Amino acid sequence: MALNSLWARITKIDRLLMLLLIMLAVASLWLSLGRAVGRSVLIYEGETLAFTAPLSQDRHIELQGPLGVTQVEISAGKLRIISSPCQRKICIGMGEIHRSGDLLACVPNRVVVRIEGEEGDYDLLSR
Amino acid sequence: MISSVDEQQSLEKTRQRVFMALFIALAIGLHTFEALLPNPLPWFRIGLANILALTALSIYGLRAMWVLSLSRIFIGSLLIGNLFGPGFLLSLCGGVGACLLMSGGALLLQRGIGLVGLSILGASGHVCGQLFIASLVVVQHQSIWLLLPAFLLFALVSGVLNGLAADLLVDYLLEHPAFAACRKGFGYHHAKG
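This section reports on the structure supplied with the text. Chains are numbered independently. Their residues run from 1 in the order of the written sequence. Following the order in which they are written, the chains are lettered starting with A and the ligands numbered starting with 1. For this predicted model, a pLDDT threshold of at least 70 governs which residues receive local features, and a threshold of 80 or more governs which side-chain atom pairs are given and counted, while totals over whole chains, interfaces and linings are taken from all residues. With hydrogens and water excluded, all non-hydrogen atoms of the structure serve as input to the side-chain values.

**Focus on the overall build of chain A**
What counts as a helix is a DSSP run of H or I of at least four residues, what counts as a strand is a run of E of at least two, and both are numbered from the N terminus. If you tally the helices and strands in chain A, you get 3 helices and 7 strands. Secondary structure of chain A in N-to-C order comes out as α-α-β-β-β-β-β-α-β-β. Throughout this description, buried means an accessible area under 20% of the type-specific maximum (1.4 Å probe, protein chains only), exposed means over 50%, and partly exposed covers the range between. In chain A, which comprises 127 residues, the share counted as buried stands at 34%. Entry remark: accessible area of chain A is about 8100 Å², with carbon and sulfur atoms responsible for 58%. Exposure was quantified through the Shrake-Rupley algorithm and a 1.4 Å probe, taking into account, for residues, occlusion by the shown protein chains and nothing else.

Below you can see the structure in the form of structure tokens.
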């Protein structure tokens, strides 16, 4: 089956739609990467907000969870989890975050750290 | 043997029912087969069952496509064993999203669009439907939409492949005398005779 005959089965509008889809994928990629750098860090132990800290100051934080202590470090404007008592260490493997809306979590130890951004940056707005 | 127009019509209706049953069975087979395939990327399904949805759309029309997709989702879930579970919910929203976009494309563009175009509409609709319900129910966080670019590109590739397969299938089926009364609804028709 020649490739040409397959290409001939795709109508002009089909090709237009393919192009639109590629453009949509690129646009959504660009949007997701272009998010603003965050300002402050929100730290949750379980369901409650334990405390917040600015992203600009270097800091070493220890968080208590059901499994033990998770250590989080803010340095050079980036946040990362250094150690955690979980089994798989996925949270450590996630690396550094610094953009607003970014999130690191150790699910077994119920620790969530999130970066919050400017005033105009909100995840959910209800009126 | 067929003496009146009425008999011919009821014969065609019966044929449609029989073939739709076969198409649905095939779609269910493909759906469950795909669910069993080992996959390094979970949720990135090729969606082979959509080939049958496109075939139903092309030969029998919009309603048949909806019937096929919904039946495939419900019965497939029943067979896999997660009916009304979260996996089923994802599948259902994906399927409805796909059918909505395919219906929109079919109604708005009619003969101008081909099965490949309809297929990528269906694939994109499926992706968006799944991300939508996942953001609401499963993950409950809007950050799931960050996966959209990867999903859309995958939808493009799988959509084109499924569309071509469906186009080939429809052409092949319409050569058979059992489909003599049917016409290919979308895309380029290859002059046969």
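**Let's talk about helix 4 (residues 86-109) of chain B**
The span expected for a helix works out to 1.5 Å for each residue beyond the first. An ideal rise of 1.5 Å per residue puts 34 Å on 24 residues; helix 4 of chain B measures up with 34 Å between its terminal C-alpha atoms. Looking one or two places after helix 4 of chain B, you find Gln110(B), whose phi comes out positive at around 45 degrees.

**Some remarks on the sheet that holds strand 3 (residues 59-64) of chain A**
Residue and element names in this part refer to chain A. Whether two strands pair depends on DSSP finding at least two bridges between them. With antiparallel pairing, 3 strands are arranged side by side in an open sheet as 3-4-5. Lying at the two open borders of the sheet, with one neighbouring strand each, are strand 3 and strand 5 (78-83). The sheet shows a mean angle of 25 degrees between the axes of neighbouring strands, direction not considered. Of the strand pairs in this sheet, strand 3 and strand 4 (residues 69-75) are connected by 6 bridges, and their pairing is antiparallel. Its bridge partner lying in strand 4, His 60 is registered against Glu 73. To obtain each axis, a line is fitted to C-alpha atoms, and for helices this fit is confined to the stretch in contact; angles are then taken between N-to-C directions over 0 to 180 degrees.

**Observations regarding a nonpolar patch on the surface**
Patch building starts from residues that exceed 30% relative accessible area and form no salt bridge, then joins like charges within 9 Å and nonpolar side chains (Val, Leu, Ile, Met, Phe, Trp, Tyr) within 5 Å. For this analysis, a salt bridge means a side-chain nitrogen from Lys or Arg found within 4 Å of a carboxyl oxygen belonging to Asp or Glu. A contiguous nonpolar patch, built from Trp43(B), Leu89(B), Phe132(B), Leu136(B), Val137(B) and Val138(B) and spanning about 510 Å² of accessible area, is present on the exposed surface. For Leu136(B), a relative accessible area of 47% corresponds to the partly exposed category.

**Notes on the packing of helix 4 of chain B against helix 5 (residues 115-138) of chain B**
Residue and element names in this part refer to chain B. Running from N to C, helix 4 and helix 5 point in directions that differ by 140 degrees, and their axes come no closer than 6 Å. By the angle between their directions, the pair helix 4 and helix 5 is classed as oblique. Crossing of helix 4 against helix 5: the hand is right-handed. Here Leu 89, Leu 90, Ser 91, Cys 93, Gly 94, Gly 95, Gly 97, Ala 98, Leu 101, Met 102, Gly 105 and Ala 106 of helix 4 come into contact with helix 5, specifically with Leu 118, Leu 121, Gly 122, Ser 124, Gly 125, His 126, Gly 129, Gln 130, Ile 133, Ala 134 and Val 137. Considered class by class, the residues forming the contact of helix 4 with helix 5 number 12 nonpolar, 11 polar and no charged. The scheme is simple: roughly parallel for angles under 35 degrees, roughly antiparallel for over 145, roughly perpendicular for 65 to 115, oblique for anything else. Two helices cross in a left-handed way if the nearer one is turned anticlockwise from the farther one by less than a right angle. They cross in a right-handed way if the turn is clockwise. Whether two residues are in contact is decided by their heavy atoms: any pair within 4.5 Å suffices. Residues are sorted three ways: Asp, Glu, Lys and Arg are charged, Ala, Val, Leu, Ile, Met, Phe, Trp, Tyr, Cys and Pro are nonpolar, and all the rest, Gly among them, are polar.

**Points about unusual backbone geometry**
Even without glycine at this site, Ala76(A) takes up a positive phi of about 55 degrees. Along the chain, Ala76(A) turns up in the loop between strand 4 and strand 5. Not every positive phi belongs to a glycine, and Phe84(B) is a case in point at roughly 65 degrees. By the element assignment, Phe84(B) lies in the loop between helix 3 (62-80) and helix 4.

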